[in-house]
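Structural features, examined
Listed here are the chains, written in short residue letters.
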There are 2 protein chains.
Amino acid sequence: MLGLTVEKNAVPAVRQLCEQLRRLIGSGELPAGMKLPSTRQLAAGLGIARNTVVDVYEQLIAEGFLESRVGSGTYVAEGADFLRQVEAGKKAATDSPAVSRTVPPAAAPPAGPAAGAPEPVIDFTGGFPDLSLFPRRTWGNHLRNAVLDAPNDLLGYGDAFGDPVLRNELAAYLFRAKGLRVRPETIAVVSGSSEGFLLIAHALADRFGTVVVEDPTVEFGRDIFAACGYRLKPVDVDGQGLRADRMERLESGELALLTPSHQFPTGSILSIQRRHRLVGLAEASGSYLIEDDYDSEFRFRGSPVPPLHALAPERVIHVGTFSKTLSPGLRLGFVVVPPSLADRFRKTKDALNLLTPNVEQRALAAMLAGGDFERHLYRMVKVYRHKRAVLKEALEEHFHGAVDICGDEAGLHLLARFRADISRIRWEDALSFGVRIQCADDYRLAGGGTRRDLVFGYGHLDAAAIREGVARLAAFLREAAG
Amino acid sequence: MLGLTVEKNAVPAVRQLCEQLRRLIGSGELPAGMKLPSTRQLAAGLGIARNTVVDVYEQLIAEGFLESRVGSGTYVAEGADFLRQVEAGKKAATDSPAVSRTVPPAAAPPAGPAAGAPEPVIDFTGGFPDLSLFPRRTWGNHLRNAVLDAPNDLLGYGDAFGDPVLRNELAAYLFRAKGLRVRPETIAVVSGSSEGFLLIAHALADRFGTVVVEDPTVEFGRDIFAACGYRLKPVDVDGQGLRADRMERLESGELALLTPSHQFPTGSILSIQRRHRLVGLAEASGSYLIEDDYDSEFRFRGSPVPPLHALAPERVIHVGTFSKTLSPGLRLGFVVVPPSLADRFRKTKDALNLLTPNVEQRALAAMLAGGDFERHLYRMVKVYRHKRAVLKEALEEHFHGAVDICGDEAGLHLLARFRADISRIRWEDALSFGVRIQCADDYRLAGGGTRRDLVFGYGHLDAAAIREGVARLAAFLREAAG
């Protein structure tokens, strides 16, 4: 049916079908407006569970390939035939049969418990991982073994772009996990994504001076560009990510910093139409898109969304981190650099002597090679899936009918959108009820907003704290709304 | 005699005497031009070994407090009464009974073995430590224990200025090892001194745009300031360090980057007269002196020279590193910040999110607290003392009467100065004899120079390689000189 097949192999059926459908829609073989079989029909035709097809459709709707018309069915969306557009266009942006998807990235704002609250404050700020489940023994052993087994060279300065052993493992991992095909020579190891942004800011400073940023967005990346002298140019975000549809162009000297896979804080996925548009704008002005892929590893529905980098490897600088998957304290991340920029980045890294401790790099390589990292990841996906369910249940219990949940397909935070106008509520006062929470609009540069969206970071909280936190918030709201 | 005493306690007699004499000279109690007792007289008077007094005199001559007049004796030098000058001056630059000394700092240029040489190339470039003696087991265990024992917080982002436990240990160590009295709040942990320079460059960018640099000097620091947009202003170096005696002023907007304790590559110690002058210039213009203290821990004669920071804590930013004492691959260093700049540095570190892995920080704290670090240091001082002796012996054997050795009191490199004009020798051609070496003048920004001084980094080479390397160099020189 539709030429789709599901093979019995290691790749999950959802992922197989998503990839095939993306290619069929991307190439125009399934044209815009075409109605798809119902989930029941397709499931029967392929001999698979209906839930699998539901997951596939939901994922592709989230990515902008499909759209659902109420009471009618599921259709191929307009403007999703990116592969045909690319071929029709002047120059192909990709050198591989790039499959368009989206992956959730974002970084978490710094936070700490508030002082003076009645009980230990429950803090929903940011999107932090659960550090109590950090694989201490595994990591400790890998570190120790790396120190004991390391050749003497590894104790020296080493390769400025990072330990070649780790870069090989990262290339393999990026293909396994995100479907990215990149050469190890184009991967630069950095001490956390922050250092990645610092590296980019310095490497491109002679050609760029402005960064288009999502508004609202996480502070980390944009603050670093600002500290390096770049001007910030905020552009609004909606349910499909950055409002690229309203952008006429990228000016010369303008970069764009994006969280395409899981926008922080709104949780939206940058749609395929806007991805395509942004790549086109970057090509037209010789600019680069910086993809902050901060938490795409945690995906709870469907298969991973492909990084923007896959769509245009020469125009997208992909920044990844192990802060969410392992721990922010490790300071381990990487930057996938467009091949034509690799020399420039290497020179900048050399000049600034930005190096990451080799022993930690080798320990991470061992975790990736031996499967320890992905075992930990799978475990944590289960843990966070449970926490997310607890949070949604608690929100349902206390705010039934008053809020809609969004941006919960991935990552370590979700958004609760109040249906009523609650703009006069001062959420910072919730501290006196022992709970800390922020509005999505608190992350805005431009100010304003409806202040209707609350950001719930839940990764670091246990189930009891999540429930208690939501109960406290409900108590606060009852009093504040008087 | 002279009011000097030697007490039987843990502090070595050389260090006790040096400190007392510095204070007596600094305060003017021993006035300029005064003749000191002979080493024999003083040793007899104090009931100590004559060699001890010889060491004391040599050290204080190197630091500029004393001067030796051939055939006449040892005298108090002009301009060394810095404490009296400070008190007489408008404002006291120090808040503690600051003792003026000097400590060797510098960083090593990146290097790697050359390709295409007849045998494995013996590389005298830079001042690298002997990584084969890195305390792997100790460090590996401390790392592993830090991971296992760390509170969950330590796996998070942590304090931007560094782990408080490590900063306490560093404050104690700085007092033990360098006589620095600093509060932990003014110590910022950095990922190697390079990141320290990056931090300084960013933190002061709104007020400063030029850096006075020693010429010649190590590339690391100056390259980072250049990459951050600072203009470099080279000033010559002689046997007493930077030619501060020829500087009229520090302009507003000018910083100075110095290796006062052990200039790289010349090995000279910045004299007390010039230290005092530079501090005065910095005070007059509201500028700061950046003290790159890269290898002062390795001192082979006399006691450690006090850092410039001790002389003027509000005018000197002291940068230290564990790259030489442990390994460059660890990326561990620190910056002692003038108290009035601490807030500014903290904000910059926050904005750039410059963080050092917490597990490594805690492991280093454990090494300092338990004495493992200093045990390693003492061991390595013995090792490098032996290598230095082997190198001097080999130079004596092959270049008898043709070279003078200087800058060998400390650090991991020394200078061999040819008496004859050898400016036409192309030292890079020595590669074809299987040896790599650089002239001190290769480290010059301004170019020129007599090219008479060869820099021998010996820390990373074993005794056999040192002997063989010098032999190859002699063979090369015989051929090159025809």
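Worth saying up front: this structure is predicted, and the values here are computed from it rather than measured. (Residues numbered from 1 in each chain as written. Chains lettered and ligands numbered in written order. Predicted model: local features only at pLDDT ≥ 70, side-chain atom pairs only at ≥ 80, totals over all residues. Heavy atoms only, no water.)

Let us now look at the overall build of chain A. Scanning chain A for helices and strands turns up 14 helices and 16 strands. Here the C-alpha atoms of chain A give a radius of gyration of 22 Å, agreeing with the 23 Å that 2.2 N^0.38 yields for 482 residues. C-alpha extents for chain A along the principal axes are approximately 65 × 60 × 45 Å. A total of 482 residues make up chain A; the buried ones form 60% of that total. In chain A, 76% of the contacts between residues at least 6 apart in sequence involve partners at least 24 apart. Accessible area for chain A stands at about 17700 Å²; split by element, carbon and sulfur atoms hold 49% of it. With 58 positive and 59 negative side-chain charges, chain A shows a separation of 2 Å between the mean positions of the two kinds. (Helix = DSSP H or I, 4+ residues; strand = E, 2+ residues; numbered from the N terminus. Rg over C-alpha atoms; globule rule 2.2 N^0.38 Å. Buried < 20%, exposed > 50% of the residue type's maximum accessible area, 1.4 Å probe, protein only. Contact = heavy atoms within 4.5 Å. Areas by Shrake-Rupley, 256 points an atom, 1.4 Å probe, with all protein chains shown as cover. Lys, Arg positive; Asp, Glu negative; His and termini not counted. Charge placed at Lys NZ, Arg CZ, Asp CG, Glu CD.)

Our next topic: the pairing of strand S9 (residues 289–293) of chain A. All names here are of chain A. Most of S9 sits inside the fold, with five of its five residues counted as buried. Taking every second residue as pointing to the same face, both faces of S9 are buried, with Leu289, Glu291 and Asp293 on one and Ile290 and Asp292 on the other. One ladder, built from three bridges, connects strand S8 (residues 254–258) with S9; its direction is parallel. Considered in S9, the bridge of Ala256 is made with Leu289. Since S8 and S9 lie parallel, the crossover through helix H9 (residues 272–285) that links them has a hand, and here it is right-handed. Of the strand pairs in this sheet, S9 and strand S10 (residues 316–321) are connected by five bridges, and their pairing is parallel. From the neighbouring strand, Asp293 faces S10, where its bridge partner is Gly320. (Pairing = 2+ DSSP bridges. Right-handed = clockwise from strand over helix to strand, strands pointing away.)

All names here are of chain A. The four strands lie next to each other as S12-S13-S16-S15, forming an open sheet whose pairing is antiparallel. One side of each edge strand has no neighbouring strand; the edge strands of this open sheet are strand S12 (403–406) and strand S15 (438–439). The sheet contact formed by strand S13 (residues 413–418) and strand S16 (residues 453–457) spans five bridges and is antiparallel. Across the sheet, the residue bridging to Leu415 is Val455, located in S16. Sheet contacts for helix H13 (residues 372–399): S12, S13 and S16; angle to S13, the most-contacted strand, approximately 15°. (Axes fitted to C-alpha atoms, helices over the stretch in contact; angles between N-to-C directions.)

Further remarks concern the relation of the copies chain A and chain B. Here two copies of a chain appear, and what relates them is a rotation about an axis with a shift along it. Aligned on chain B, chain A shows an RMSD of 0.1 Å; the corresponding rotation is 180° and the shift along the axis is 0.0 Å. Taken together, the rotation and translation relating the two chain copies correspond to the operation of a two-fold axis. Minimal C-alpha separation from the rotation axis in chain A is found for Arg144 of chain A, amounting to 3.0 Å. Mapped onto chain B, 100% of the interface residues of chain A again fall at the interface, so both copies present the same surface. (Least-squares fit on C-alpha atoms with pLDDT ≥ 70 in both.)

Residue and element names in this part refer to chain A. At their nearest, the axes of H13 and helix H14 (residues 463–480) sit 9 Å apart, and the two run at 25° to each other. Looking at the two axes, H13 sits roughly parallel to H14. Crossing of H13 against H14: the hand is right-handed. Across the interface between the two elements, His386, Lys387, Val390, Leu391, Ala394, Leu395, His398 and Phe399 of H13 pack against Ala463, Ile466, Arg467, Val470, Ala471, Leu473, Ala474 and Leu477 of H14. (Parallel < 35°, antiparallel > 145°, perpendicular 65-115°, else oblique. Left-handed = near helix turned anticlockwise from the far one by under 90°.)

With that out of the way, let us pick up the interface of chain A and chain B. The interface of chain A with chain B comprises 46 residues on the first partner and 46 residues on the second. Summed over both sides, the interface of chain A with chain B buries roughly 3900 Å², with 63% coming from carbon and sulfur. At the boundary of chain A with chain B, the tally comes to zero salt bridges. The interface formed by chain A and chain B holds 21 residue pairs in polar contact (both at pLDDT 80 or more) in total. For the side of chain A that touches chain B, the elements supplying multiple residues, two or more each, are helix H5 (136–149), helix H7 (192–203), helix H8 (219–227), helix H11 (342–352) and helix H12 (358–369) of chain A. At 10 residues, H5 of chain A tops the list of elements feeding residues into the side of chain A that touches chain B. Partitioning the side of chain A that touches chain B into residue classes produces 25 nonpolar, 13 polar and eight charged. (Buried area = accessible area lost by both parts, 1.4 Å probe. Salt bridge = Lys/Arg side-chain N within 4 Å of Asp/Glu carboxyl O. Polar contact = N/O pair within 3.5 Å; in protein donor to acceptor, adjacent residues only side chain to side chain. Nonpolar A, V, L, I, M, F, W, Y, C, P; charged D, E, K, R; others polar.)

Before going further, it helps to spend a moment on the pattern of salt bridges. The full count for this structure, using the stated rule, is 60 salt bridges over all chains. In this structure, Arg444 of chain B and Asp236 of chain B form a salt bridge, with 3.3 Å as the shortest nitrogen-oxygen distance. Of the two residues, Arg444 of chain B is situated in the loop between strand S15 (438–439) and strand S16 (453–457) and Asp236 of chain B in strand S6 (residues 231–238); the sequence distance between them amounts to 208 residues. A salt bridge links Arg249 of chain B to Glu251 of chain B, with the shortest nitrogen-to-oxygen separation between them at 3.7 Å. Salt bridges here are not isolated pairs; linked through shared partners, they connect Asp238, Arg243, Asp245 and Arg274 of chain A.

Turning our attention to the sheet that holds strand S8 (residues 254–258) of chain B. Strand pairing in a sheet relies on backbone hydrogen bonds, with the paired strands running either antiparallel or parallel. Residues and elements named next belong to chain B. A sheet is described by the order of its strands in space; here eight strands give the open sequence S4-S11-S10-S9-S8-S5-S6-S7, paired in mixed fashion. The sheet is open, and its two edges are formed by strand S4 (187–190) and strand S7 (241–242), each paired on a single side. In terms of strand pairing, S6 meets S7 through two bridges, oriented antiparallel. Across the sheet, Val237 pairs through a bridge with Leu242, a residue of S7.

Here the amide bond leading from Phe264 of chain A into Pro265 of chain A is cis, since omega sits at 5°, within 30 degrees of zero. Following the sequence through the fold, Pro265 of chain A ends up in the loop between S8 and H9. For the bond from Asp215 of chain B to Pro216 of chain B, the omega torsion is 5°, close enough to zero to count as cis. Among the secondary structure elements, Pro216 of chain B is positioned in the loop between strand S5 (210–215) and helix H8 (219–227). Phi angles above zero are rare outside glycine, and Arg451 of chain A is one such case at about 55°. Mapping Arg451 of chain A onto the fold places it in the loop between S15 and S16.

Let's shift gears to the confidence of the model for chain A. Detailed reading of the predicted model is not advised wherever pLDDT is low. All names here are of chain A. Confidence along chain A averages 87 in pLDDT terms, with 91% of residues attaining 70 or more. Segment residues 89–117 is flagged for pLDDT under 50; beyond a separation of four residues in sequence, or across chains, it makes 120 contacts in the model. For this predicted complex, the interface score ipTM comes out at 0.78, while the overall pTM is 0.81. (pLDDT = per-residue confidence, 0-100.)

Residue and element names in this part refer to chain B. In this model helix H9 (residues 272–285) runs 20 Å from its N-terminal to its C-terminal C-alpha over 14 residues, within 8% of the 20 Å that 1.5 Å per residue would give. Taken as a whole, H9 has its buried residues at Ile272, Arg274, Arg275, His276, Leu278, Val279, Leu281 and Ala282. Just downstream of H9, Gly286 is the residue with a positive phi angle, here 70°. (Expected span 1.5 Å × (residues − 1).)

On to the pairing of S10 of chain A. Residues and elements named next belong to chain A. Of all six residues that make up S10, six are buried, and the element is covered over most of its length. Neither face of S10 is open: one carries Val316, His318 and Gly320, the other Ile317, Val319 and Thr321, and all of them are buried. Note: S10 against strand S11 (residues 333–336), four bridges, orientation antiparallel. Counted as the bridge partner of His318 is Val336 from S11.

Bringing the packing of H7 of chain A against H11 of chain A into the picture now. Residue and element names in this part refer to chain A. Axis separation between H7 and H11 bottoms out at 9 Å; the angle between their running directions is 105°. Between H7 and H11, the angle falls in the class roughly perpendicular. Each of Leu199, Ile200, His202 and Ala203 in H7 lies in contact with H11, whose residues at this interface are Arg344, Phe345, Thr348, Lys349 and Leu352. Tallied by class, residues from the contact of H7 with H11 come to five nonpolar, two polar and two charged.

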